[in-house]
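# Coordinate inspection notes
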Amino acid sequence: MSQHVLVTGGAGFIGSHTVVQLVNAGHQVTILDNLSNSSIIALERIKKLCTGPLDFIEGDIRNPSLLEKLFSDHDITAVIHFAGLKAVGESVEKPLEYYENNVGGTTQLLKAMQHAGVKTFIFSSSATVYGDPETLPITEDSPRSTTNPYGQTKLMCEHILEDLDQTQDGWKIILLRYFNPVGAHISGTIGESPAGTPNNLMPFVSQVASGRRDTLSVFGNDYPTKDGTGVRDYIHVEDLAEGHLAALNYLLEQPDNTLQAINLGTGKGISVLELVNAFEQASGQQIPYQISPRRSGDIATCYADATRAKSLLGWQATKTVEDMCNDTWRWQSQNPNGYDA
Ligand code: NAD
Ligand code: UFG
């Protein structure tokens, strides 16, 4: 059944891929994005990949009058909420900006939704809410804790949504906890375009492969893992986008007052050196690296138990590490500076 979905942060990395899939599945989509970490070029590219119309509003989720007008002008039936700040290191330097944008912004959005009577909500949460996991793989019932302001904002939003579910009628909510999103659209026209030096492994590796950076620093090779380097559950952004469509379909069939937390991961752990090797194969380029000290706050191993997503949503990741590297490399080669000219 076609829905009119408001996608906040829909011009960003994960949002852009999800918007394309939503429109191409027959949904009506309105993007709300302040372009603080995305670009109008991304929007033009998204539109080219869409088989139907796409509505874009440049604006901020923290603007109550804009939200009120948006909900009164558009017959929105569900919201997928990607908008937010996401850099762990920056959140330590600027905690107030993170709380204001991620927690304040989410609260403003929920208030506007409540006022408009729109109560179907999919939230971009993160495996960061599991902190340093005691057991692996990580299930949705694993204890939650965080070690930095960014993680706190995600956990606080989860608590706000749980309170809403407990105390208010009519909400249908899914907390999607993403593991490590990577990859790009197969066209090579949309992908991750980090500003400045990338914090995350995959964009850094792809920039070394393309010659934009000289050497990768591998943060620690003395972790208790297969080769001593950090192990993560990398998931292709196209699989992640499909997970949002499955979550939307699931919520539409549920009775009111539903809240589910669902991991979106592959269930497989890959080490830093395994990812580097896979990227060398995909790109045909050598990736020089040096072993550097551990990065503060990093954990050894993190991968999902993804069985709940399969049983509730009928969703599972299908793309391989080779797909992730091939698609990232296509995007990187065609757009050496991301969306910047
Ligand atoms: P992104 O930065 O590429 O996209 C976020 C988008 O939100 C950007 O287009 C930005 O311009 C917009 N935005 C930010 N603040 C806004 C505001 N106040 N009003 C309107 N628009 C605003 O990030 P992404 O990687 O696509 O992540 C999307 C969501 O998923 C974020 O909430 C992030 O915390 C979460 N998440 C990301 C990862 C990851 O590794 N990429 C992992 C787990 C969770
Ligand atoms: N790494 C390097 N060198 C780099 C960058 C990363 O060796 O230049 C290593 C890290 O030490 C880690 C692995 O590569 O072992 C993955 O690091 P990322 O920074 O790509 O990802 P993280 O797992 O640290 O964090 C990401 C997001 C967080 C999110 C978390 C869980 O950045 O926001 O996944 O979803 F909370």
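Scroll up to find the structure this text is about.
In short, a report on the structure.

Rules behind the numbers
- Sequence order sets the numbering: in each chain, residues are counted from 1 along the sequence as written.
- Working convention: letters from A go to chains and numbers from 1 go to ligands, in the order in which they are written.
- At least 70 in pLDDT is required for a residue's local features to be given in this predicted model, at least 80 for side-chain atom pairs to be given and counted, and no such filter applies to totals for whole chains, interfaces and linings, which use all residues.
- For the side-chain quantities, the full set of heavy atoms in the structure was used; hydrogens and water were omitted.
- Secondary structure elements follow DSSP: runs of H or I no shorter than four residues count as helices, runs of E no shorter than two count as strands, and numbering proceeds from the N terminus.
- To sort residues, take the accessible area from a 1.4 Å probe on protein chains only and compare it with the maximum for the residue type: under 20% means buried, over 50% means exposed, and anything in between is partly exposed.
- Only when DSSP finds a minimum of two bridges between them are two strands counted as paired.
- It suffices for a single heavy atom of a residue to lie within 4 Å of a molecule or strand for the residue to be listed as near it.
- Any pair of N or O atoms that falls within 3.5 Å is considered a polar contact. Within protein, one atom must be able to donate a hydrogen and the other to accept it, and sequence-neighbouring residues count only if both atoms are side-chain atoms.
- Throughout this entry, Asp, Glu, Lys and Arg are counted as charged residues, while Ala, Val, Leu, Ile, Met, Phe, Trp, Tyr, Cys and Pro are counted as nonpolar. The remaining residues, Gly among them, count as polar.
- Regarding the arc, it is the one traced by the directions from the helix axis to the C-beta atoms.
- The criterion used for residue contact is that any of the two residues' heavy atoms lie within 4.5 Å.
- Using a 1.4 Å probe, the Shrake-Rupley method yields the accessible areas, and only the shown protein chains count as cover for residues.
- Helix axes use the C-alpha atoms of the stretch in contact, all axes being lines fitted to C-alpha atoms, and the angles between their N-to-C directions lie in the range 0 to 180 degrees.
- The salt bridge definition used is simple: a Lys or Arg side-chain nitrogen within 4 Å of an Asp or Glu carboxyl oxygen.
- Cysteine sulfurs are considered disulfide-paired once they come within 2.5 Å of each other.

## A word on the environment of Glu44
- Locating Glu44 in the fold gives a position in helix 2 (residues 40–49).
- Owing to a relative accessible area of 48%, Glu44 belongs among the partly exposed residues under this scheme.
- Note: C-alpha distance between Glu44 and Val20 (24 residues apart in sequence) is 12 Å.

## Side note on the pairing of strand 11 (residues 258–264)
- By the criterion of burial, strand 11 is predominantly enclosed, with 5 of the 7 residues buried.
- When strand 6 (residues 172–178) meets strand 11, the two strands line up parallel, connected through 7 bridges. Following the sheet pairing, Leu175 is matched in strand 11 by Ala261.

## Things to note about the site of ligand 1
- Among the 27 residues in the neighbourhood of ligand 1, the closest are listed as Asp33, Asn37, Lys86, Asn101 and Tyr150.
- Side-chain polar atom of Tyr150 to an oxygen atom of ligand 1: 2.7 Å apart, as the coordinates give it.
- Sorting the residues of the shell around ligand 1 by element identifies helix 1 (13–24), strand 5 (120–126) and helix 6 (149–167) as the ones contributing at least two each.
- Looking at the shell around ligand 1 element by element, the count peaks at 3 residues for strand 5.
- Taken together, the residues of the shell around ligand 1 sort by class into 10 nonpolar, 12 polar and 5 charged.

## Overview of helix 3 (residues 64–73)
- Burial in helix 3 covers these residues: Leu66, Leu67, Leu70 and Phe71. Looking straight down helix 3, one finds that the buried residues subtend no more than 125° of arc, so they occupy a single side. Exposed residues pointing more than 90 degrees away from the buried face of helix 3 are listed as Ser65, Glu68, Lys69 and Ser72.
- Lining the buried residues of helix 3 we find strand 1 (4–8), strand 2 (28–33), strand 3 (55–58), strand 4 (78–81) and helix 5 (95–116).

## Concerning the site of ligand 2
- Near ligand 2, the surroundings consist of 22 residues, among which Asn200, Ser217, Arg232, Arg295 and Asp298 are the closest.
- Side-chain polar atom of Asn180 to an oxygen atom of ligand 2: 3.0 Å apart, as the coordinates give it.
- Between ligand 2 and Phe219, the relevant distance is 2.9 Å, taken from an oxygen atom to a main-chain nitrogen or oxygen of the residue.
- Here ligand 2, which alone exposes 690 Å², has 89% of that area covered by the protein.
- When its residues are assigned to classes, the shell around ligand 2 shows 11 nonpolar, 7 polar and 4 charged.

## Things to note about the sheet that holds strand 6
- If you walk across this open sheet you meet the 7 strands as 3-2-1-4-5-6-11, and the pairing is parallel. Only two strands of the sheet have a single neighbouring strand rather than two, namely strand 3 and strand 11. Taken pair by pair, the neighbouring strands of this sheet meet at an average axis angle of 20°, ignoring direction.
- In this structure, strand 2 lies alongside strand 3, joined through 4 bridges in parallel fashion. Bridging from a neighbouring strand, Thr30 pairs with Asp55 of strand 3.
- Contacts from helix 3 reach strand 1, strand 2, strand 3 and strand 4 within the one sheet, and its direction differs from that of strand 2 by about 175°.

## Regarding the pattern of salt bridges
- According to the stated counting rule, one finds 14 salt bridges in the structure shown.
- A salt bridge links Lys69 to Asp73, with the nearest nitrogen and oxygen atoms 2.6 Å apart. Taken together, the residues Lys69 and Asp73, both in helix 3 and 4 residues apart, mark about one turn of the helix.
- With a relative accessible area of 52%, Lys69 lands in the exposed category.
- Of the residues examined, Asp73 reaches a relative accessible area of 47% and is grouped as partly exposed.
- With a shortest N-O distance of 2.7 Å, Glu158 and Arg144 are connected by a salt bridge. Taken as a pair, Glu158 in helix 6 and Arg144 in the loop between strand 5 and helix 6 lie far apart in primary sequence, 14 residues in all.
- On the basis of relative accessible area, Arg144 is assigned to the partly exposed category, the value being 30%.

## Some points on the side chain of Thr18
- By the secondary structure assignment, Thr18 is in helix 1.
- With relative accessibility at 0%, the residue Thr18 sits in the buried group.
- Excluding anything up to four places from it in sequence, Thr18 contacts Ile80, Phe82, Ala241, His244 and Leu245.

## Some thoughts on the state of the cysteines
- For the structure shown, the criterion picks out 0 disulfides.
- Cys325 provides the cysteine sulfur closest to Cys302, a residue in no disulfide bond, and the two sulfurs are 18 Å apart.
- For Cys302, a relative accessible area of 6% puts it in the buried group.
- You can call Cys325 buried: its relative accessible area is 0%.

Purely geometric numbers; function is a separate question.
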